[in-house]
Amino acid sequence: MMKTVLAGIALAVVVVVLGAFTRLVDAGLGCPDWPGCYGHLAIPQTAEEIRAAEALYPDSPVEADKAWTEMIHRYAASALGLLILIVAAQAYRLRPHAPLKLAIGLALLVMLQGAFGAWTVTLKLWPQVVTAHLLGGFATLGLLWLLALRLGLCGGLDVPARHLRLGLAALLVLVLQVALGGWVTSNYAALACPDFPTCHGAWAPPMDLAEGFNIFQSVGPNYLGGIMDNEARIAIQIAHRLGAVAVLLVTGWLGWRLLASGSPLGTWLLGALALQLSLGIANVLLVLPLWVAVSHNAGGALLLLVLVTVNYRAFRGTGS
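Residues numbered from 1 in each chain as written. Predicted model: local features only at pLDDT ≥ 70, side-chain atom pairs only at ≥ 80, totals over all residues. Heavy atoms only, no water.

A. Spatial organisation of the overall build of the protein. The helix and strand inventory of the protein stands at ten helices and zero strands. Tracing the protein from N to C terminus, the helices and strands come up as α-α-α-α-α-α-α-α-α-α. Here the protein has a C-alpha radius of gyration of 21 Å; the compact-globule value for 320 residues is 20 Å, and the two agree. With the principal axes as the frame, the protein shows a C-alpha extent of 65 × 55 × 30 Å. Here the protein holds 320 residues, and the buried ones make up 47% of them. (Helix = DSSP H or I, 4+ residues; strand = E, 2+ residues; numbered from the N terminus. Rg over C-alpha atoms; globule rule 2.2 N^0.38 Å. Buried < 20%, exposed > 50% of the residue type's maximum accessible area, 1.4 Å probe, protein only.)

The following block contains the structure:
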């Protein structure tokens with residue numbers, strides 16, 4: 001079962017990275033329908049198929065590169081869903097020696113993720129759905145990692161139980177920051193501030209918090225490119241930066257305390273934190289290079305996995 005779970009973790013990382021790539025190259029509506037693509041199981045390729053597809057979806061001309069990006073992401077997500085169902089079946093077969101409830105919860109979550117994937121397309125990139133889909137992807141990865149930990153992965157890494165409360169606080173702050181990151185990318189606010197650490201040369205630039213976090217905003221024909229004005233996007237970007245400060249303070253303090261207690265996870269945590277903050281700053285200063293933006297999502301996933309490990313080992317009460 002462990003081998004299947006580890007394969008699922010690797011595939012979940014691929015799906016998270018592919019999801020980020022799909023958003024960043026504006027391929028979220030590369031296929032305007034779901035689960036097919038312009039009514040096909042694959043991409044329309046012949047001239048006749050393309051004419052028929054564009055007649056069926058006149059507002060969505062076929063762009064083969066974006067359509068393939070979207071479909072590859074769907075294929076990978078579908079494969080992950082199948083693998084998680086296999087994990088649930090294995091846990092059932094091995095009960096009571098395997099964490100069956102966790103495996104079943106994972107199976108239910110991945111089914112919900114499939115629904116969010118469909119709604120992302122059918123609701124035309126509605127930011128609430130895109131953000132929830134991102135959170136679901138991180139949750140799937142985190143729970144797969146937790147399942148591997150419960151099966152014995154990283155068994156030699158000790159964390160004193162006294163760090164559990166701070167570990168949970170760091171995990172909560174990170175989840176909120178991931179949600180803010182999803183709100184940034186789904187509302188196309190990553191470059192709302194072209195400078196760092198200030199924004200348009202000011203520490204408190206004009207911003208519209210009410211519009212930036214209006215969860216009932218109009219989607220328009222679709223939300224590709226977003227429809228918020230710049231002051232609303234600045235509000236989102238500033239909130240994300242403040243969230244990064246909170247992550248730095250809480251997670252940095254946890255990493256320092258882990259180092260002081262002799263846990264090697266302190267080094268991993270501080271390293272992942274430094275990498276993630278550096279990638280976030282580079283996104284702004286380098287004007288959102290694709291590889292940096294995708295790596296920023298992967299860095300968030302790495303930070304999540306380290307924090308899940310810290311919390312699990314502290315919950316187990318290993319160490320003093």
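Anyway, onward from the coordinates.
B. Spotlight on the environment of W203. Here W203 lies in the loop between α6 (164-186) and α7 (209-212). Note on W203: relative accessible area 67%, which makes it exposed. Excluding residues within four positions of it along the chain, W203 makes contact with P197 and T198. (Contact = heavy atoms within 4.5 Å.)

C. Expanded view of the nonpolar core. Among the nonpolar cores identified, the biggest contains 48 residues, and L144 and L254 are the most heavily contacted of them. Those elements that place two or more of their residues in this core are α1 (2-24), α3 (64-94), α4 (100-122), α5 (127-150), α6, α8 (230-260), α9 (265-285) and α10 (290-315). Here the element with the most residues in this core is α10; it accounts for ten residues. In this view, L144 contacts V5, G8, I9, A12, L80, I84 and L106; residues no more than four positions away in its chain are not counted. In terms of nonpolar packing, the next biggest core, distinct from the first, is built from twelve residues, V130, V184, V219 and M228 among them. (Core = buried A, V, L, I, M, F, W, Y, C linked by side-chain atoms within 4.5 Å.)

D. Region of interest: the side chain of Q90. With respect to the secondary-structure elements, Q90 resides in helix α3. Polar side-chain contacts of Q90 include one of 3.2 Å to the side chain of T4. If we ignore the near neighbours within four places in the chain, the residues touching Q90 are M1 and T4. (Polar contact = N/O pair within 3.5 Å; in protein donor to acceptor, adjacent residues only side chain to side chain.)

E. Fine view of the packing of aromatic side chains. Within this structure, the stated rule accounts for two aromatic pairs. Taking the centre distance of 5.8 Å and the plane angle of 85° together, the rings of Y38 and Y57 count as edge-to-face. Of the two residues, Y38 sits in the loop between α1 and α2 (47-56) while Y57 sits in the loop between α2 and α3, which places them 19 residues apart along the sequence. For Y57, a relative accessible area of 23% gives the class partly exposed. Centroid distance F116 to W119: 5.2 Å. Interplanar angle 90°. Geometry classified as edge-to-face. Of this pair, F116 and W119 both sit in helix α4, three residues apart, which is roughly one turn of the helix. Taking relative accessible area as the criterion, F116 reaches 18% and is therefore assigned buried. Here R95 stacks its cationic end above the ring of Y92, 3.9 Å away from the centre of that ring. (Phe/Tyr/Trp six-rings, centres within 6.5 Å; stacked < 30°, edge-to-face > 60°. Lys NZ or Arg CZ within 6 Å of the ring centre and 35° of its normal.)

F. Just the packing of α8 against α9, in detail. α9 packs onto α8 with a crossing angle of 160° between their chain directions and a minimal axis gap of 8 Å. Accordingly, the angle class assigned to the pair α8 and α9 is roughly antiparallel. In the packing of α8 onto α9, the handedness of the crossing is left-handed. Facing Q237, R241, A244, V247, L248, T251, G252, L254, G255, W256, L258 and L259 of α8, the residues of α9 in contact are L265, G266, T267, L269, L270, L273, L277 and V284. Among the residues forming the contact of α8 with α9, the class breakdown is 13 nonpolar, six polar and one charged. (Axes fitted to C-alpha atoms, helices over the stretch in contact; angles between N-to-C directions. Parallel < 35°, antiparallel > 145°, perpendicular 65-115°, else oblique. Left-handed = near helix turned anticlockwise from the far one by under 90°. Nonpolar A, V, L, I, M, F, W, Y, C, P; charged D, E, K, R; others polar.)

G. Representation of the pattern of salt bridges. On inspection of all chains with the given rule, the structure shows two salt bridges. Between E63 and K66 there is a salt bridge, with its nearest N and O atoms 3.9 Å apart. Since its relative accessible area comes to 22%, K66 is described here as partly exposed. E70 serves as the salt-bridge partner of R74, at 2.9 Å between the closest nitrogen and oxygen. Taken together, the residues R74 and E70, both in helix α3 and four residues apart, mark about one turn of the helix. The exposure classification of R74 matches that of E70, with both residues buried. (Salt bridge = Lys/Arg side-chain N within 4 Å of Asp/Glu carboxyl O.)

H. Just α5, in detail. End to end, α5 covers 34 Å across 24 residues, agreeing with the expected 34 Å (1.5 Å per residue, within 8%). Counted residue by residue, α5 has 18 buried out of 24 residues, so it is predominantly covered. Phi turns positive, to about 120°, at G152, one or two residues after α5. (Expected span 1.5 Å × (residues − 1).)

I. Structural detail: the environment of N311. Note that N311 resides in helix α10. Separated by 142 residues in the primary sequence, N311 and A169 place their C-alpha atoms 10.0 Å from one another. Excluding residues that lie within four positions of it along the chain, N311 makes contacts with L164, G167, L168 and L171. Here L307 takes part through its backbone oxygen, which lies 2.8 Å from a polar atom of the side chain of N311.

J. Inspection of α4 at higher detail. For α4, with 23 residues, the first-to-last C-alpha span of 33 Å sits near the 33 Å given by 1.5 Å per residue. Buried within α4 we find L102, A103, L106, A107, L109, V110, Q113, F116, G117, A118, T120 and V121. In this fold, the buried residues of α4 make contact with α3 and α5. Backbone geometry just after α4 places K124 at a positive phi near 60°.

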